[in-house]
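Take a look at the letters that make up each chain.
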Amino acid sequence: MHDRYDSVILHFAARAFMVPLIVVFGIYVLLHGESSPGGGFQAGAIVAAAFVLARLTLGNRHGGRSLPMWLLTVLACAGLGIYMFGGILPLLLGGNFLDYGVIPVEWYNQFAGEPKTSRAAGIFIIEWGVFLGVASVLVILYDHLTDAESDD
Amino acid sequence: MKRVTLLFLIGLAALLVWASSDLPDRADPLAPANRHLSPELTELTEQEVEIPNMVSAVLADFRGYDTLGETFVIFTAGLAVLLVLQRSRRTPDDEEEAGDA
């Protein structure tokens, strides 16, 4: 639907500053989800906003080149898969479904500056799943509702 | 008719404002909403999860099933949009052939 907007200022501001800044901030929100306000849902929405901005400025066809539809679909499925992995991993280790208390973290704490508890590790895993799912689904929604060329 | 609606809405607003004067103060630890589960969740977050963000602990640990369901909902929304709006690369001829086969 959207064609490329030929404005040097717009392209420079969006591609040189806004998109990288928003993506880095989204990852920060994701990684700080345990210790400050943030988490998978918020980080997913922020990172999706960066990719939607790229599509708005460059047009759907050029802006979507770095993140094509097949990759978005794979990432959405991978997000749900990571969440289910975080739930099934404790099941395999002898606990209940989504009961992170049995996840081994000793190997990580040996070289980590800040030791993590098992439950914090489990929360970290599923935050990544939520992040990937939310971010890719939001971009999928934008791409399809604005009638993007899908190249799968 | 519009005046009746306006009068009704003003009366409703007055009722709600009057009722809100009876609500407990914000962040009152003795409010009924803060006496039932909150102390337990606070203690459990400190003792077992040991992360500073209590919201994340509740969202991802105590209510992990709930968040799993939310992720499924979002994923299903994306899947539905993909299925409904995905452009088919088949030409009408292909579809006829597929229908015959």
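Further up the page is the structure itself.
The sections below set out a description of the structure shown in this document. What you see is a predicted model; the values in this text were computed from it and never measured.

Each value, and the rule that gives it
Residues numbered from 1 in each chain as written. Chains lettered and ligands numbered in written order. Predicted model: local features only at pLDDT ≥ 70, side-chain atom pairs only at ≥ 80, totals over all residues. Helix = DSSP H or I, 4+ residues; strand = E, 2+ residues; numbered from the N terminus. Buried ≥ 20, exposed ≤ 12 C-beta atoms within 10 Å, placed from the backbone. Contact = placed C-beta atoms within 7 Å. Expected span 1.5 Å × (residues − 1). Arc of directions from axis to C-beta. Nonpolar A, V, L, I, M, F, W, Y, C, P; charged D, E, K, R; others polar.

**Some words on the overall build of chain A**
Here is step 1: Secondary structure summary: chain A contains five helices and zero strands in total.
Here is step 2: Each helix (α) and strand (β) of chain A, taken in turn from the N terminus, gives the series α-α-α-α-α.
Here is step 3: Along the three orthogonal principal directions, the C-alpha set of chain A runs to about 55 × 30 × 25 Å.
Here is step 4: When the 152 residues of chain A are sorted by exposure, 41% land in the buried category.
Here is step 5: When contacts within chain A are restricted to residue pairs at least 6 apart in sequence, long-range pairs at least 24 apart make up 65% of them.

**Notes on the overall build of chain B**
Here is step 1: Of the regular secondary structure elements, chain B holds six helices and zero strands.
Here is step 2: Scanning chain B from its N terminus toward the C terminus, one meets helices and strands in the order α-α-α-α-α-α.
Here is step 3: The burial tally for chain B puts 19% of its 101 residues in the buried class.

**A closer look at unusual backbone geometry**
Here is step 1: For Leu-98 of chain A, which is not a glycine, the phi torsion comes out positive at approximately 65°.
Here is step 2: At Glu-50 of chain B, a residue that is not glycine, the phi angle is positive and equals roughly 60°.
Here is step 3: Looking at where Glu-50 of chain B falls in the secondary structure, it is placed in the loop between helix H3 (38–49) and helix H4 (54–62).
Here is step 4: For Glu-50 of chain B, a count of 15 C-beta atoms within 10 Å puts it in the partly exposed group.

**As for helix H5 (residues 64–85) of chain B**
Here is step 1: For H5 of chain B, with 22 residues, the first-to-last C-alpha span of 32 Å sits near the 32 Å given by 1.5 Å per residue.
Here is step 2: Buried residues of H5 of chain B: Gly-64, Thr-67, Leu-68, Thr-71, Ile-74, Phe-75, Gly-78 and Leu-82 of chain B, and no others. The arc that holds every buried residue of H5 of chain B, seen down its axis, measures 130°, which confines them to one face. Exposed positions of H5 of chain B whose direction lies more than 90 degrees from the buried face are Tyr-65, Asp-66, Gly-69, Val-73, Thr-76, Ala-80, Leu-83 and Val-84 of chain B.
Here is step 3: Where H5 of chain B is buried, its residues meet helix H3 (69–92) and helix H5 (118–145) of chain A together with H4 of chain B.

**A look at the interface of chain B and chain A**
Here is step 1: Listed as interface residues are 25 residues of chain B and, on the opposing side, 28 residues of chain A.
Here is step 2: Looking at the side of chain B that touches chain A, the elements that each hand over two or more residues are H3, H4 and H5 of chain B.
Here is step 3: Looking at which element gives the most residues to the side of chain B that touches chain A, the answer is H5 of chain B, with 13 residues.
Here is step 4: Its residues assigned to classes, the side of chain B that touches chain A shows 14 nonpolar, seven polar and four charged.

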